[in-house]
Number of protein chains: 2
Amino acid sequence: MSMDITFLGSGSAYPSPHRGASALVLRTEGENWLFDCGEGTQTQFMRSQLKSSKINKVFISHLHGDHVFGLPGLLCTISLNLNPQPDQPASCVDIYGPRGLRLFLRVALTLSSSQLLFPYAVHELETSDDQCPEEGRLSAALTTSGDALHPQERPGRTIQLDPDTDCYNLIDDKQFVVKAFRLYHRVSSFGFSVDEKERPGRLNTDQLKALGLRPGPLYGRLKNGESVTLENGRVLTAGEVLEAPLKGRKVCVFGDCSAPLGEGFKRACQGADVLVHEATLEDGQRDKAVEHGHSTPGMAAGVALACGARTLVLHHFSQRYKPEALRRDGEDDVTELRCQAEHVLQGSGTQVVLAEDFLRLPIALKKNL
Amino acid sequence: MSMDITFLGSGSAYPSPHRGASALVLRTEGENWLFDCGEGTQTQFMRSQLKSSKINKVFISHLHGDHVFGLPGLLCTISLNLNPQPDQPASCVDIYGPRGLRLFLRVALTLSSSQLLFPYAVHELETSDDQCPEEGRLSAALTTSGDALHPQERPGRTIQLDPDTDCYNLIDDKQFVVKAFRLYHRVSSFGFSVDEKERPGRLNTDQLKALGLRPGPLYGRLKNGESVTLENGRVLTAGEVLEAPLKGRKVCVFGDCSAPLGEGFKRACQGADVLVHEATLEDGQRDKAVEHGHSTPGMAAGVALACGARTLVLHHFSQRYKPEALRRDGEDDVTELRCQAEHVLQGSGTQVVLAEDFLRLPIALKKNL
Ligand SMILES: [Zn+2]
Ligand SMILES: [Zn+2]
Ligand SMILES: [Zn+2]
Ligand SMILES: [Zn+2]
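In every chain, residue numbers begin from 1 and rise along the written sequence. Going through the entries in the order they are written, you letter the chains from A and number the ligands from 1. Selection of residues for local features in this predicted model requires a pLDDT of at least 70, selection of side-chain atom pairs for listing and counting requires 80 or more, and totals for whole chains, interfaces and linings are taken over all residues. Excluded from the side-chain calculation are hydrogens and water; included are all heavy atoms of the structure.

## Structural notes on the overall build of chain A
Inference 1: Each helix and strand counted, chain A has twelve helices and 19 strands in total.
Inference 2: For this measure, only C-alpha atoms enter the radius of gyration; the expected value for a globule follows 2.2 Å times N^0.38, where N is the number of residues. For chain A, whose C-alpha radius of gyration is 23 Å, the value lies close to the compact-globule estimate of 21 Å for 369 residues.
Inference 3: Principal axes of the C-alpha set define a box for chain A whose edges measure 75 × 55 × 45 Å.
Inference 4: Relative accessibility decides the category of a residue: with a 1.4 Å probe and only protein chains considered, values under 20% of the type maximum give buried, values over 50% give exposed, and everything between is partly exposed. Across the 369 residues of chain A, 56% fall into the buried class. Segments assigned H or I by DSSP are reported as helices when at least four residues long, segments assigned E as strands when at least two residues long, and all are numbered from the N terminus.

So, in structure tokens, the structure goes:
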């Protein structure tokens, strides 16, 4: 039930020895989801406590190189380090991202003659013209090629915007609902919201023991919500011994943007436990940030406020903001960026965290409903 | 007149924190040539004393990811850090490599909406079917797309094998002759030879001063091979005061291979001052190396012997061979690889060097002819 985020790259534009290019991993119970994959992400994995071979889903916010150029190499290296089980075929890695991602990956893997020991599928989000200026749009001709898939590629979905919610519905399974929403940037960019579903409460084992019930199959039936008949004939309902259900957690990861687009982000991110947002430049350079399709801490804080997020994590810092520990006198101070966000969030109860490479942020279980 | 090689990545298969993926820079008098560009090369530049913005030519030995996945990002970052001179258009970066490289770069730069502040051209070497097993060949359909170039792309040449020399003629200018030759690997792979042209010898300034000639325009004319008439009427020919011409240096960089293919390498590399060759695995794993299209130190030494090379530099080590300084007890010892090559080269006078990331290898001027 533990959940955490590990930042593998907190820098913008390109990877540097001080800050990797964008990449973060959300982990929970066997799920290892990678959000963005700038060049060098595979090496950042090696420097971290995480294993790239565990990645089972990938989400790419947009196709700028600092968010995607590491993906072909990461998949190749995961494959190299896999120990294939002959009796258990490798499961498919699902990759979500903007239209064009499928061709990018297919061409890179095909021309490099890369064979993978697992299948993959790219599920493309359809972009809309208002997500970026005209020069950032990719014509359909540029993002499609013939029907020939890479040998390990499985057909992926094309996901349209749901006009009712202004969101894209990516995943809805037993544990999670994952949506995407539109952002405005120099190229079409997306944010992602991960909603953990409510889970049944814990069994009150003290109470069960007092009733003379020892751990065993009956516990499992109660946990599943069934009633059981005790030896003395008493019918024990699950509700009597189950604690209240646990509310799911919500994590939202925004791609590069100078603003959200439409109302999707508010629906998808309302009450987020953690909202990860870029803050490329400081508030004093807001005009320059917006011109380049980026945000400042104050702008990111505004988004967090609109969503009622509990924690705002800033990342994607210009490489001029060195990590605090490496900063020398006279150099730009990244902690100023936290202050600028906190200023906007004063009184809201929203906490601000600055990402650094390899920062691990645990996301606590929510209190019972 | 100084010339050196700097290794930016000495590891095989993928970049690790201990060894970057393949990349080396040959520098001489304003020329900065990059050979191969694995993922993370731009970050290795930042860790080195070199400036990636000075790169004016790129040579890619083959399209495996550990040799080419860093190229799109490197070009983007060079562009980001350029200070364009309005009155001086940026010069074209010439990129040489196997058929398929042009499409790889075009798709990566186009789908990432990357605009460069300089033009580039990809000159493709035609591959031959016997350079690799059938599964490594790229059909013409896979390596071509429409005629639409990337906005900063200039048309590149397609370079055919010269059947007389079994070489490809890449460059023949005032200073250098550059050829490529064929190698056998899992995919079509090439080596490159750089021949510095002979240069006029130095002026014997002691002798000139004894003749009463002070530094000035006359020196330049003599240096250019002209005769000059002294004040006393004596005609002084250049030959009297010029030292013998300086023989050019020769540097050869092999791509991944289990063997050279044909006779091209012998012609191109005969008498190399420095021959850079891969040695992925130790001699005891020769069968495994060959199966994967790679070489051992003994095999590399055989190539160096056949070419009469003065210095053999081994690189592209399996990531299991840590740099000497980081090796712990019981781990594979990279210095064994040097011994294995030296064993084959005993008595030949050929020196063996192990590359490490950031090793700078000066290449001394040759003695007069
Ligand atoms: Zn970015
Ligand atoms: Zn971006
Ligand atoms: Zn290689
Ligand atoms: Zn290779």
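## Some remarks on the coordination of the zinc ion (ligand 4)
Each donor-metal-donor angle in an ideal tetrahedron of four donors is 109.5 degrees, and each such angle in an ideal octahedron of six donors is either 90 or 180 degrees.
Residues and elements named next belong to chain B.
Inference 1: Because water is not among the atoms used, a metal site may look incomplete, as its donors are only the N, O and S atoms within 2.8 Å, or 3.2 Å for Na, K and Ca. Around the zinc ion (ligand 4), the donor atoms from the protein are His62 (NE2), His64 (ND1), His185 (NE2) and Asp256 (OD), and they sit 2.2 to 2.3 Å away.
Inference 2: When four donors show all angles between 85 and 135 degrees the site is tetrahedral, when four or six donors have opposite pairs over 155 degrees and all other angles between 65 and 115 it is square planar or octahedral respectively, and in every other case it is irregular. For the zinc ion (ligand 4), the four donor atoms are set out with angles of 88 to 168° between them, so the coordination reads as irregular.
Inference 3: Sequence spacing of the donors to the zinc ion (ligand 4): H-x1-H-x120-H-x70-D.
Inference 4: Here the zinc ion (ligand 4) and the zinc ion (ligand 3) are spaced 3.4 Å apart, and both take Asp256 as a donor.

## What to know about the interface of chain B and chain A
Inference 1: Only heavy atoms matter for contacts: two residues are in contact if any of them lie within 4.5 Å across the pair. Listed by partner, the interface residues are 39 residues for chain B and 39 residues for chain A.
Inference 2: Buried area: the accessible area, evaluated with a 1.4 Å probe, that two parts lose upon being put together, summed over both parts. Summed over both sides, the interface of chain B with chain A buries roughly 2,900 Å², with 68% coming from carbon and sulfur.
Inference 3: By the criterion of area lost to chain A, the three top residues of chain B are B:Glu39, B:Phe69 and B:Leu111, representing 24% of everything that side buries.
Inference 4: The term salt bridge refers to a side-chain nitrogen of Lys or Arg lying within 4 Å of a carboxyl oxygen of Asp or Glu. Across the chain B-chain A interface, the total number found is zero salt bridges.
Inference 5: N or O atoms closer than or at 3.5 Å make up a polar contact, with two conditions inside protein: a donor-capable atom paired with an acceptor-capable one, and, for residues adjacent in sequence, both atoms drawn from side chains. At the surface where chain B touches chain A, the tally comes to four residue pairs in polar contact (both at pLDDT 80 or more).
Inference 6: Mapped by element, the contributors of at least two residues to the side of chain B that touches chain A are helix H1 (41-47), helix H3 (71-80), helix H4 (101-111) and helix H5 (140-143) of chain B.

## Looking at the confidence of the model for chain A
Inference 1: Mean pLDDT over chain A works out to 95, with 99% of the residues at or above the 70 mark.
Inference 2: Confidence metrics for the complex model read pTM 0.94 and ipTM 0.93. Known as pLDDT, the predictor's confidence for each residue is given on a scale from 0 to 100.

## Some remarks on H3(B)
Residue and element names in this part refer to chain B.
Inference 1: In terms of burial, H3 is largely enclosed, as nine of its ten residues are buried.
Inference 2: When we look at burial in H3, the residues that qualify are Leu71, Pro72, Gly73, Leu74, Leu75, Cys76, Thr77, Ile78 and Ser79.
Inference 3: Along its buried surface, H3 packs onto strand E3 (31-35), H1, strand E4 (57-59), helix H2 (65-68), strand E5 (93-98) and H4.

## Re the relation of the copies chain B and chain A
Inference 1: Least-squares fitting of one copy onto the other uses the C-alpha atoms of those residues that reach a pLDDT of at least 70 in both copies. For the pair chain B and chain A, the relating rotation is 180°, the translation along its axis is 0.0 Å, and the fit reaches an RMSD of 0.2 Å. The superposition of one copy onto the other is thereby described by a two-fold rotation axis. By C-alpha distance to the rotation axis, the residue of chain B lying nearest is B:Gly40, at 2.6 Å.
Inference 2: The overlap is high: 100% of the interface residues of chain B also sit at the interface in chain A, so the same surface is used on both sides.

## Topic: the domain arrangement of chain A
Inference 1: Entries for chain A in the domain assignment read domain 1 (3-81 + 91-198 + 248-363) and domain 2 (205-240).
Inference 2: Placing a centre on the C-alpha atoms of domain 1 of chain A and another on those of domain 2 of chain A gives a separation of 45 Å. An automatic or database domain assignment is the source of the domain bounds shown.

## Points about the environment of B:His67
Residue and element names in this part refer to chain B.
Inference 1: By the element assignment, His67 lies in helix H2.
Inference 2: In this structure His67 comes out as buried when scored by relative accessible area, which is 2%.
Inference 3: As for His67 and Phe35, which are separated by 32 residues in sequence, their C-alpha atoms are 8.8 Å apart.
Inference 4: When residues no more than four places from it in sequence are discounted, the contact partners of His67 are Ser22, Asp36, Cys37, Gly38, Ile60, Ser61, His62, Asp256 and His316.
Inference 5: At a separation of 3.3 Å, a polar atom in the side chain of His67 contacts the side chain of His316.

## Structural notes on the layout of surface pockets
Unfilled space is identified by rolling a water-sized probe across the atoms.
Inference 1: Residues are said to line a cavity or pocket when one of their atoms sits within 4 Å of a point; the points come from a 1 Å grid over protein atoms alone, cavities being sets where a 1.4 Å probe fits but cannot get out and pockets being open sets with protein on both sides within 12 Å along at least five of seven lines. Grid points are joined across faces, edges and corners, and a volume is the space filled by probe spheres set on the points. If you add up the space inside the second largest pocket, you get close to 1,200 Å³.
Inference 2: Lining the second largest pocket are 47 residues, with A:Ala13, A:His64, A:Arg186, A:His292 and B:Leu80 sitting closest to its centre.
Inference 3: The element that contributes the greatest number of residues to the lining of the second largest pocket is H3(B), accounting for five residues.
Inference 4: A per-class count over the lining of the second largest pocket returns 15 nonpolar, 22 polar and ten charged. Here the nonpolar group is Ala, Val, Leu, Ile, Met, Phe, Trp, Tyr, Cys and Pro; Asp, Glu, Lys and Arg are the charged ones; every other residue, Gly included, is treated as polar.

## A short note on the coordination of the zinc ion (ligand 2)
Inference 1: Binding of the zinc ion (ligand 2) to the protein goes through A:His62 (NE2), A:His64 (ND1), A:His185 (NE2) and A:Asp256 (OD), at separations of 2.2 to 2.4 Å.
Inference 2: Here the donor residues of the zinc ion (ligand 2) share one chain and are spaced in sequence as H-x1-H-x120-H-x70-D.

## Some words on the packing of helix H11 (residues 297-307) of chain A against helix H12 (residues 335-345) of chain A
Residues and elements named next belong to chain A.
Inference 1: To get an axis, a line is fitted to the C-alpha atoms, and for a helix only the part in contact is used. The angle between two axes follows their N-to-C directions and goes from 0 to 180 degrees. Contact geometry for H11 and H12: axes closest at 8 Å, N-to-C directions at 40°. Relative to H12, the element H11 lies oblique. Between H11 and H12 lies a crossing whose hand is right-handed. Between H11, through Pro297, Gly298, Ala301, Gly302, Ala304 and Leu305, and H12, the contact on the second element is made entirely by Leu337, Gln340, Ala341, Val344 and Leu345.
Inference 2: Looking at the contact of H11 with H12 residue by residue, the classes come out as eight nonpolar, three polar and no charged. Note on angle classes: values under 35 degrees are labelled roughly parallel, values over 145 roughly antiparallel, values of 65 to 115 roughly perpendicular, and the remainder oblique. Helix crossings are classified by the rotation of the near helix relative to the far one: an anticlockwise turn of less than a right angle makes the crossing left-handed, while a clockwise turn makes it right-handed.

## A look at unusual backbone geometry
Residues and elements named next belong to chain A.
Inference 1: The phi dihedral of Ala13 is positive, around 75°, even though this residue is not glycine.
Inference 2: Examined against the element boundaries, Ala13 turns out to sit in the loop between strand E1 (3-9) and strand E2 (23-28).
Inference 3: The residue Asp36 is not glycine, and still its phi comes out positive at about 70°.
Inference 4: Residue position: Asp36 is located in the loop between strand E3 (31-35) and helix H1 (41-47).

## With respect to the packing of aromatic side chains
Inference 1: Ring pairs shown here join Phe, Tyr and Trp side chains whose ring centres sit within 6.5 Å, with only the six-membered ring taken for Trp; geometry is labelled stacked below 30 degrees between planes, edge-to-face above 60, and tilted in between. In the structure shown here, the tally under the stated rule is 18 aromatic pairs over all chains.
Inference 2: Here the aromatic residues A:Trp33, A:Phe35, A:Phe59, A:Tyr96, A:Phe176 and A:Phe192 are joined through ring pairs into a cluster of three or more.

## A few points about the side chain of B:His315
Inference 1: Inspection of the secondary structure puts B:His315 in strand E17 (residues 311-315).
Inference 2: Ignoring anything within four residues of it in the chain, the contact list for B:His315 reads B:Phe7, B:Ser10, B:Leu24, B:Phe254, B:Val276, B:His277, B:Glu278, B:Ala279 and B:Ala355.

## Notes on helix H12 (residues 335-345) of chain B
Residues and elements named next belong to chain B.
Inference 1: Among all positions of H12, only Thr335, Leu337, Gln340, Ala341 and Leu345 are buried.
Inference 2: Against the buried residues of H12 lie helix H11 (297-307), E17 and strand E18 (351-354).
Inference 3: Taken from the residues just after H12, Gly347 is the one with a positive phi, measuring 85°.

## Observations concerning the pairing of strand E6 (residues 120-125) of chain A
All names here are of chain A.
Inference 1: Within E6, six of the six residues are buried, leaving the element largely enclosed by the surrounding structure.
Inference 2: Residues Tyr120, Val122 and Glu124 of E6 are buried on one face, and the alternating residues Ala121, His123 and Leu125, pointing to the opposite face, are buried as well.
Inference 3: In this scheme, strands are said to pair when DSSP sees at least two bridges between them. Two elements, strand E5 (residues 93-98) and E6, share six bridges in a ladder whose sense is parallel. Counted as the bridge partner of Asp94 is Ala121 from E6.

## What to know about the pattern of salt bridges
All names here are of chain A.
Inference 1: Within the structure shown, the criterion is met by 48 salt bridges over all chains.
Inference 2: In this structure, Asp166 engages Arg182 in a salt bridge whose closest nitrogen and oxygen atoms are separated by 3.0 Å. With a gap of 16 residues between them, Asp166 in the loop between strand E8 (158-159) and strand E9 (167-172) and Arg182 in strand E10 (residues 176-184) connect regions that are remote in the sequence.
Inference 3: With a shortest N-O distance of 3.1 Å, Asp332 and Arg320 are connected by a salt bridge. In this pair, Asp332 is assigned in the loop between strand E17 (311-315) and H12 and Arg320 in the loop between E17 and H12, connecting sequence segments twelve residues apart.
Inference 4: For Asp332, a relative accessible area of 27% corresponds to the partly exposed category.

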